[in-house]
Amino acid sequence: MTALSSYSTGTVSVAAGGTTVTGVGTIWSDGSAKPGDILQIGNSQSVISDVTDATHLVIPPWGGGAQSGVAYKIWQ
């Protein structure tokens, strides 16, 4: 069984129902986040649709409520 790798540098913000995740202190464009990876904030998760740049991700509408400057994990 292979353990999943994760990335969690920086913090994120996303609006309730939002489709853009904004990171601070993140470097997602280096391959730390890829389409198909799982974004987890607290107990809520979403599949990453696209990585726009080092600080922006595209996801389906976020169902976990508004989050601002919070810890997160990306499961690769």
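Please read all numbers here as calculations on a predicted model, not as lab measurements.

Engineer: Which parts of the structure should I look at to understand the overall build of the protein chain?
Structural biologist: A tally of helices and strands in the protein chain yields zero helices and nine strands. For the protein chain, the N- to C-terminal ordering of α and β elements is β-β-β-β-β-β-β-β-β. Based on the C-alpha atoms only, the size of the protein chain along its principal axes is roughly 35 × 25 × 20 Å. Residues counted as buried form 28% of the 76 residues belonging to the protein chain. Considering only residue pairs separated by 6 or more positions, the protein chain has 59% of its internal contacts joining residues 24 or more positions apart. For the protein chain, the accessible area works out to roughly 4,100 Å², and carbon and sulfur atoms hold 55% of it.

Engineer: Would you mind showing me how to read the sheet that holds strand 1 (residues 6-7) here?
Structural biologist: Whether parallel or antiparallel, the strands of a sheet pair through hydrogen bonds between backbone atoms. Taking strand neighbours across the sheet as the criterion, the four strands line up as 1-9-4-5 in an open arrangement whose pairing is antiparallel. Only two strands of the sheet have a single neighbouring strand rather than two, namely strand 1 and strand 5 (44-47).

Engineer: What is the right way to read the side chain of aspartate 37 from this model?
Structural biologist: In this fold, aspartate 37 is placed in the loop between strand 3 (20-24) and strand 4 (38-41). Polar side-chain contacts of aspartate 37 include one of 2.9 Å to the backbone nitrogen of lysine 34. In this structure, aspartate 37 is in contact with Ser32, Ser46, Val47, Ile48, Ile74, Trp75 and Gln76, ignoring residues within four places of it in sequence.

Engineer: How should I be thinking about the sheet that holds strand 7 (residues 56-58) in this particular structure?
Structural biologist: Taken together, five strands build an open sheet; the order of strands is 6-7-3-2-8 and the sheet is antiparallel. At either end of the open sheet lies a strand with only one pairing partner, and these are strand 6 (50-53) and strand 8 (67-70). Direction aside, the axes of adjacent strands within the sheet are offset by 20° on average.

Engineer: In this structure, what is going on with the pairing of strand 4? I would like to understand it.
Structural biologist: On any regular strand, side chains alternate: one points to one face of the sheet, the next to the other face. The alternating pattern of strand 4 places Leu39 and Ile41 on a buried face and Ile38 and Gln40 on a face that is not buried. Alignment of strand 4 against strand 5, held across four bridges, turns out to be antiparallel. In the sheet register, isoleucine 38 faces strand 5, and the bridge partner there is valine 47. The loop that links strand 4 with its antiparallel partner strand 5 comprises two residues; one of these, glycine 42, has a positive phi angle of about 60°. Looking at chain direction, strand 4 and strand 9 (residues 73-75) are connected through three bridges and run antiparallel. Within the sheet, the bridge partner assigned to isoleucine 38 lies in strand 9 and is tryptophan 75.

Engineer: Explain the nonpolar core here, please?
Structural biologist: Across soluble globular proteins, nonpolar side chains show a tendency to be buried alongside one another. The biggest cluster of nonpolar side chains holds 15 residues, and the ones touching the most others in it are Val21, Trp28, Leu39, Leu57, Tyr72 and Ile74. Within the residue set of this core, elements represented by two or more residues are strand 2 (11-14) and strand 4.

Conventions adopted
Residues numbered from 1 in each chain as written. Predicted model: local features only at pLDDT ≥ 70, side-chain atom pairs only at ≥ 80, totals over all residues. Heavy atoms only, no water. Helix = DSSP H or I, 4+ residues; strand = E, 2+ residues; numbered from the N terminus. Buried < 20%, exposed > 50% of the residue type's maximum accessible area, 1.4 Å probe, protein only. Contact = heavy atoms within 4.5 Å. Areas by Shrake-Rupley, 256 points an atom, 1.4 Å probe, with all protein chains shown as cover. Pairing = 2+ DSSP bridges. Polar contact = N/O pair within 3.5 Å; in protein donor to acceptor, adjacent residues only side chain to side chain. Axes fitted to C-alpha atoms, helices over the stretch in contact; angles between N-to-C directions. Core = buried A, V, L, I, M, F, W, Y, C linked by side-chain atoms within 4.5 Å.

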